[in-house]
Amino acid sequence: MASNSKKNPLQITSEELVFRGIKTIVNEKRSWTGTMTSLSIAIRKNKLTANEKRVMPKGPAALRVIVNRVVNRLRSRGVSVQFGRTTDHMRTRFVKFAR
């Protein structure tokens, strides 16, 4: 039975892009802590192609959804993932990745 969708096998998904970006960050630095906005900036520093820039989640809330999807893959590869909030009056949300 033929599939109606014609997916390009070279096209990267947002999940794969975020997964690779986080793995790169953790491999360069043993530990990384920051907000979803700073994570987005850190992933974008990895010289993304035009297609990858288009696929990258647009905002911090969308990035959090993608991170939630890939968190089990990261943990199975030895990357510790911790979500939390700061203790100051702003209660900023953060994520920490460590090897």
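Residues numbered from 1 in each chain as written. Predicted model: local features only at pLDDT ≥ 70, side-chain atom pairs only at ≥ 80, totals over all residues. Heavy atoms only, no water.

Peer 1: Looking at this model, I keep getting lost on helix H1 (residues 14-28). Mind explaining?
Peer 2: Compared with an ideal rise of 1.5 Å per residue, which puts 15 residues at 21 Å, H1 spans 21 Å between its outermost C-alpha atoms and is within 8% of the ideal. Among all positions in H1, only Ser 14, Leu 17, Val 18, Phe 19, Gly 21, Ile 22, Lys 23, Ile 25 and Val 26 are buried. Buried positions along H1 lie against strand E1 (31-34), helix H2 (36-44), helix H3 (50-55), helix H4 (60-76) and strand E3 (93-98). (Helix = DSSP H or I, 4+ residues; strand = E, 2+ residues; numbered from the N terminus. Expected span 1.5 Å × (residues − 1). Buried < 20%, exposed > 50% of the residue type's maximum accessible area, 1.4 Å probe, protein only. Contact = heavy atoms within 4.5 Å.)

Peer 1: Would you explain the nonpolar core in this entry?
Peer 2: As a rule of thumb, soluble globular proteins bury nonpolar side chains together. The biggest cluster of nonpolar side chains holds 24 residues, and the ones touching the most others in it are Val 18, Ile 22, Leu 39, Val 67, Leu 74 and Phe 97. Of all the secondary-structure elements, those providing two or more residues to this core are H1, H2, H4 and E3. When residues no more than four places from it in sequence are discounted, the contact partners of Ile 22 are Leu 39, Ile 43, Val 67, Leu 74 and Phe 97. (Core = buried A, V, L, I, M, F, W, Y, C linked by side-chain atoms within 4.5 Å.)

Peer 1: Help me out: how do you make sense of the sheet that holds E1 in this one?
Peer 2: By way of backbone hydrogen bonds, the strands of a sheet pair with one another, either parallel or antiparallel. Ordered by their spatial adjacency, 3 strands build an open sheet running E1-E3-E2, and the pairing between neighbours is antiparallel. For this open sheet the edge positions go to E1 and strand E2 (80-85), each flanked by a neighbour on one side alone. Strand-to-strand twist of the sheet, defined as the mean angle between neighbouring strand axes without regard to direction, takes the value 15 degrees. Pairing analysis gives 6 bridges linking E2 to E3, with the strands arranged antiparallel. When the sheet's bridge partners are listed, Gly 84 is paired in E3 with Phe 94. Across the sheet, H4 lies against E2 and E3, angled at about 145 degrees from E2, the strand it touches most. (Pairing = 2+ DSSP bridges. Axes fitted to C-alpha atoms, helices over the stretch in contact; angles between N-to-C directions.)

Peer 1: Could you clarify how one ought to interpret the packing of aromatic side chains in this entry?
Peer 2: What characterises a pair of aromatic rings is the spacing of the ring centres plus the angle enclosed by the ring planes. Scanning the entire structure with this criterion turns up 1 aromatic pair. Sitting over the face of the ring of Phe 83, Arg 64 holds its NZ or CZ atom 3.8 Å from the ring centroid. Between the NZ or CZ atom of Arg 73 and the centre of the ring of Phe 19, over which it lies, the distance is 4.0 Å. (Phe/Tyr/Trp six-rings, centres within 6.5 Å; stacked < 30°, edge-to-face > 60°. Lys NZ or Arg CZ within 6 Å of the ring centre and 35° of its normal.)

Peer 1: Even after reading the chapter, I still don't get the pattern of salt bridges, so can you show me in this structure?
Peer 2: Where charged atoms from two side chains of opposite charge come close, those side chains can pair. Within this structure, the stated rule accounts for 3 salt bridges. Here Arg 69 ties to Glu 15 by a salt bridge, and the two come within 2.5 Å at their closest N and O atoms. Of the two residues, Arg 69 is situated in helix H4 and Glu 15 in helix H1; the sequence distance between them amounts to 54 residues. Across the salt bridge formed by Glu 16 and Arg 73, the nearest N and O atoms sit 3.0 Å from each other. In this pair, Glu 16 sits in helix H1 while Arg 73 sits in helix H4, placing the two residues 57 residues apart along the sequence. Among the residues examined, Glu 16 registers a relative accessible area of 22% and is labelled partly exposed. Ionic contacts of the salt-bridge type, sharing partners, join the residues Glu 16, Arg 20 and Arg 73 into one network. (Salt bridge = Lys/Arg side-chain N within 4 Å of Asp/Glu carboxyl O.)

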